[in-house]
Amino acid sequence: RTKPGCKGADCPVLNFKRLSFTGYERFNAFLEQTLLSLALVETNRDKAFRDLPELELYFFKTAKPRDELTLASSVKYISAEVVVVQLDSYIFTGGAQRISTTQYLNWLPKSDRLLTLEAMLLPGKLPAFEEALKKQHALWLRKNPLAKDDLAAYTKLWPFEPSDNVALLENGLAVTYHPYRLA
(Lines give C-alpha, C1' and ligand atoms only; values in the text may rest on other atoms or scores of the structure.)
Protein backbone atom coordinates (compact mmCIF):
# COMPACT_ATOMS: atom_id res chain seq x y z
CA ARG A 1 0.00 0.00 0.00
CA THR A 2 1.00 3.54 -0.67
CA LYS A 3 0.47 6.18 1.99
CA PRO A 4 -3.21 7.22 1.74
CA GLY A 5 -3.66 10.54 0.00
CA CYS A 6 -0.09 10.60 -1.30
CA LYS A 7 0.53 10.87 -5.03
CA GLY A 8 3.72 10.50 -7.00
CA ALA A 9 6.96 8.55 -6.83
CA ASP A 10 8.01 9.91 -3.43
CA CYS A 11 5.18 8.31 -1.47
CA PRO A 12 6.04 5.93 1.39
CA VAL A 13 5.14 2.31 0.60
CA LEU A 14 4.30 -0.62 2.89
CA ASN A 15 4.33 -4.15 1.43
CA PHE A 16 3.05 -7.08 3.47
CA LYS A 17 2.93 -10.62 2.07
CA ARG A 18 1.79 -13.35 4.42
CA LEU A 19 1.22 -17.05 4.05
CA SER A 20 -1.83 -18.84 5.34
CA PHE A 21 -2.04 -22.57 5.97
CA THR A 22 -5.57 -23.99 5.85
CA GLY A 23 -6.58 -25.62 9.13
CA TYR A 24 -3.62 -24.23 11.09
CA GLU A 25 -5.01 -21.05 12.60
CA ARG A 26 -2.66 -21.13 15.59
CA PHE A 27 0.41 -21.31 13.35
CA ASN A 28 -1.03 -18.67 11.00
CA ALA A 29 -1.46 -16.28 13.94
CA PHE A 30 2.07 -17.03 15.15
CA LEU A 31 3.42 -16.50 11.65
CA GLU A 32 1.73 -13.11 11.33
CA GLN A 33 2.94 -11.97 14.77
CA THR A 34 6.48 -13.09 13.99
CA LEU A 35 6.39 -11.20 10.69
CA LEU A 36 5.03 -8.12 12.45
CA SER A 37 7.80 -8.43 15.05
CA LEU A 38 10.36 -7.93 12.29
CA ALA A 39 8.85 -4.47 11.86
CA LEU A 40 9.92 -3.65 15.41
CA VAL A 41 13.53 -3.86 14.35
CA GLU A 42 12.90 -1.88 11.18
CA THR A 43 10.84 0.88 12.83
CA ASN A 44 12.80 1.21 16.10
CA ARG A 45 9.57 0.79 18.02
CA ASP A 46 9.70 -0.97 21.39
CA LYS A 47 6.11 -2.25 21.54
CA ALA A 48 4.81 -5.08 19.36
CA PHE A 49 2.24 -4.34 16.69
CA ARG A 50 -1.07 -6.11 17.35
CA ASP A 51 -1.99 -6.42 13.69
CA LEU A 52 -1.35 -5.12 10.19
CA PRO A 53 -3.69 -2.09 10.51
CA GLU A 54 -1.74 -0.91 13.57
CA LEU A 55 1.55 -1.30 11.68
CA GLU A 56 0.11 0.61 8.70
CA LEU A 57 -1.09 3.45 10.90
CA TYR A 58 2.27 3.75 12.64
CA PHE A 59 4.34 3.44 9.46
CA PHE A 60 2.40 6.00 7.46
CA LYS A 61 2.38 8.39 10.41
CA THR A 62 6.17 8.24 10.82
CA ALA A 63 7.41 7.54 7.27
CA LYS A 64 9.32 10.10 5.29
CA PRO A 65 9.03 10.50 1.49
CA ARG A 66 10.28 7.43 -0.41
CA ASP A 67 10.47 5.27 2.74
CA GLU A 68 9.59 1.65 2.05
CA LEU A 69 8.95 -1.24 4.40
CA THR A 70 8.43 -4.76 3.08
CA LEU A 71 7.53 -7.76 5.24
CA ALA A 72 7.11 -11.04 3.41
CA SER A 73 6.72 -14.72 4.17
CA SER A 74 7.38 -17.50 1.69
CA VAL A 75 7.92 -21.25 1.68
CA LYS A 76 11.63 -22.01 1.33
CA TYR A 77 11.26 -25.79 1.53
CA ILE A 78 8.42 -28.25 1.98
CA SER A 79 8.35 -32.00 2.56
CA ALA A 80 5.90 -34.45 4.09
CA GLU A 81 7.38 -33.72 7.54
CA VAL A 82 8.58 -30.13 7.58
CA VAL A 83 7.69 -26.75 6.12
CA VAL A 84 10.43 -24.14 6.20
CA VAL A 85 9.03 -20.63 6.13
CA GLN A 86 11.31 -17.76 5.25
CA LEU A 87 10.43 -14.37 6.71
CA ASP A 88 12.04 -11.36 5.05
CA SER A 89 12.03 -7.71 5.95
CA TYR A 90 13.44 -4.86 3.91
CA ILE A 91 13.52 -1.22 4.80
CA PHE A 92 14.62 1.73 2.76
CA THR A 93 14.79 5.09 4.49
CA GLY A 94 16.66 7.12 1.92
CA GLY A 95 20.17 5.86 2.69
CA ALA A 96 22.62 4.25 0.32
CA GLN A 97 21.02 0.82 0.55
CA ARG A 98 18.14 -1.22 1.83
CA ILE A 99 18.48 -3.01 5.14
CA SER A 100 17.28 -6.58 4.99
CA THR A 101 16.71 -9.36 7.51
CA THR A 102 15.82 -13.01 6.98
CA GLN A 103 14.45 -15.36 9.62
CA TYR A 104 13.55 -19.03 9.24
CA LEU A 105 10.80 -21.04 10.91
CA ASN A 106 11.05 -24.83 10.67
CA TRP A 107 7.50 -26.03 11.25
CA LEU A 108 6.24 -29.57 11.75
CA PRO A 109 2.60 -29.41 10.62
CA LYS A 110 1.66 -32.90 11.85
CA SER A 111 2.42 -31.94 15.45
CA ASP A 112 1.94 -28.17 14.87
CA ARG A 113 5.23 -27.25 16.52
CA LEU A 114 8.47 -25.53 15.61
CA LEU A 115 11.69 -27.45 15.17
CA THR A 116 14.65 -25.93 17.01
CA LEU A 117 18.29 -26.14 15.97
CA GLU A 118 19.01 -28.42 18.92
CA ALA A 119 16.28 -30.82 17.76
CA MET A 120 17.76 -30.89 14.23
CA LEU A 121 21.17 -31.96 15.50
CA LEU A 122 22.20 -35.22 17.06
CA PRO A 123 22.70 -34.99 20.84
CA GLY A 124 25.99 -33.31 21.71
CA LYS A 125 26.63 -32.11 18.14
CA LEU A 126 26.04 -28.37 18.70
CA PRO A 127 29.80 -27.73 19.18
CA ALA A 128 30.54 -29.51 15.86
CA PHE A 129 27.85 -27.43 14.15
CA GLU A 130 29.35 -24.22 15.53
CA GLU A 131 32.81 -25.36 14.44
CA ALA A 132 31.49 -25.87 10.89
CA LEU A 133 30.06 -22.34 11.00
CA LYS A 134 33.40 -21.04 12.23
CA LYS A 135 35.14 -22.68 9.25
CA GLN A 136 32.66 -21.02 6.88
CA HIS A 137 33.31 -17.69 8.58
CA ALA A 138 37.08 -18.13 8.05
CA LEU A 139 36.45 -19.01 4.38
CA TRP A 140 34.28 -15.89 4.02
CA LEU A 141 37.09 -13.79 5.49
CA ARG A 142 39.69 -15.28 3.11
CA LYS A 143 37.47 -14.56 0.08
CA ASN A 144 36.39 -11.10 1.20
CA PRO A 145 38.31 -8.43 -0.75
CA LEU A 146 37.88 -5.92 2.09
CA ALA A 147 39.57 -8.31 4.53
CA LYS A 148 42.65 -8.88 2.36
CA ASP A 149 44.30 -5.58 3.28
CA ASP A 150 44.21 -6.21 7.04
CA LEU A 151 42.74 -9.59 7.97
CA ALA A 152 43.28 -9.13 11.72
CA ALA A 153 41.46 -5.78 11.81
CA TYR A 154 38.61 -7.09 9.66
CA THR A 155 38.29 -10.19 11.82
CA LYS A 156 38.13 -7.94 14.89
CA LEU A 157 35.44 -5.83 13.20
CA TRP A 158 33.43 -8.89 12.09
CA PRO A 159 34.25 -11.68 14.59
CA PHE A 160 32.70 -15.10 14.38
CA GLU A 161 29.35 -15.52 16.10
CA PRO A 162 27.23 -18.67 16.09
CA SER A 163 23.70 -18.43 14.68
CA ASP A 164 20.60 -20.49 15.32
CA ASN A 165 18.73 -18.90 12.39
CA VAL A 166 18.74 -22.14 10.43
CA ALA A 167 16.59 -23.54 7.64
CA LEU A 168 16.36 -27.32 7.39
CA LEU A 169 16.62 -28.18 3.70
CA GLU A 170 16.65 -31.38 1.69
CA ASN A 171 20.46 -31.52 1.43
CA GLY A 172 21.59 -29.66 4.53
CA LEU A 173 21.11 -26.47 6.46
CA ALA A 174 21.05 -22.82 5.41
CA VAL A 175 22.27 -20.42 8.08
CA THR A 176 21.56 -16.71 7.89
CA TYR A 177 22.82 -13.80 9.94
CA HIS A 178 21.38 -10.35 10.52
CA PRO A 179 23.34 -7.95 8.28
CA TYR A 180 24.78 -6.07 11.27
CA ARG A 181 25.96 -9.28 12.92
CA LEU A 182 28.01 -10.32 9.91
CA ALA A 183 28.72 -7.92 7.09
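Reading guide: rules and limits
- Residues numbered from 1 in each chain as written.
- Predicted model: local features only at pLDDT ≥ 70, side-chain atom pairs only at ≥ 80, totals over all residues.
- Heavy atoms only, no water.
- Disulfide = S-S within 2.5 Å.
- Buried < 20%, exposed > 50% of the residue type's maximum accessible area, 1.4 Å probe, protein only.
- Salt bridge = Lys/Arg side-chain N within 4 Å of Asp/Glu carboxyl O.
- Helix = DSSP H or I, 4+ residues; strand = E, 2+ residues; numbered from the N terminus.
- Pairing = 2+ DSSP bridges.
- Contact = heavy atoms within 4.5 Å.
- Axes fitted to C-alpha atoms, helices over the stretch in contact; angles between N-to-C directions.
- Core = buried A, V, L, I, M, F, W, Y, C linked by side-chain atoms within 4.5 Å.

Asker: Explain the state of the cysteines here, please?
Answerer: Such a bond, covalent and formed between the sulfur atoms of two cysteines, is termed a disulfide. One pass over the full model with this rule turns up one disulfide. Two residues share a disulfide in this structure: Cys-6 and Cys-11, whose sulfurs sit 2.1 Å from each other. What sets the handedness of the Cys-6 and Cys-11 disulfide is the S-S torsion sign, and at about -95° it is left-handed. Taking relative accessible area as the criterion, Cys-6 reaches 29% and is therefore assigned partly exposed. Here Cys-11 falls in the buried class, since its relative accessible area comes to 5%.

Asker: Explain the pattern of salt bridges to me, please; I cannot follow it from the model alone.
Answerer: It is possible for side chains bearing opposite charge to pair when their charged atoms get close. For the structure on display, the rule yields six salt bridges. Residue Arg-18 pairs with Glu-32 through a salt bridge whose shortest N-O separation is 2.6 Å. With Arg-18 in the loop between β1 (13–17) and α1 (25–43) and Glu-32 in helix α1, this pair connects stretches of sequence that are 14 residues apart. Judged by relative accessible area, Arg-18 falls into the partly exposed class, the value being 43%. One salt bridge connects Arg-26 with Asp-112, and the closest N-O pair in it is separated by 3.2 Å. Within this pair, whereas Arg-26 is found in helix α1, its partner Asp-112 is found in the loop between β4 (99–108) and β5 (113–114), the two being separated by 86 residues in sequence. You can call Arg-26 exposed: its relative accessible area is 59%.

Asker: How do you make sense of the sheet that holds strand β2 (residues 68–78) when you look at a structure like this?
Answerer: Within a sheet, adjacent strands bond to each other through the backbone by hydrogen bonds, running parallel or antiparallel. Pairing within the open sheet is mixed, and its five strands lie in the order β1-β2-β3-β4-β5. Sheet topology places β1 and β5 at the edges, where each strand pairs with a single neighbour. Along the sheet, helix α2 (residues 52–62) contacts β1 and β2; its crossing angle with β1, the most-contacted strand, is approximately 160°.

Asker: Can you help me understand the nonpolar core in this one?
Answerer: Proteins that are soluble and globular tend to have nonpolar side chains buried together. Counting 24 residues, the largest nonpolar core has Leu-55, Leu-69, Leu-71 and Val-85 as its most contacted members. Of all elements in the fold, only β1, α1, α2, β2, β3 (83–92) and β4 reach the threshold of two or more residues within this core. For this core, the element with the most residues is α1, which contributes seven residues. Val-84, Tyr-104, Leu-133 and Val-166 belong to the second-largest nonpolar core, a separate cluster that totals 14 residues.

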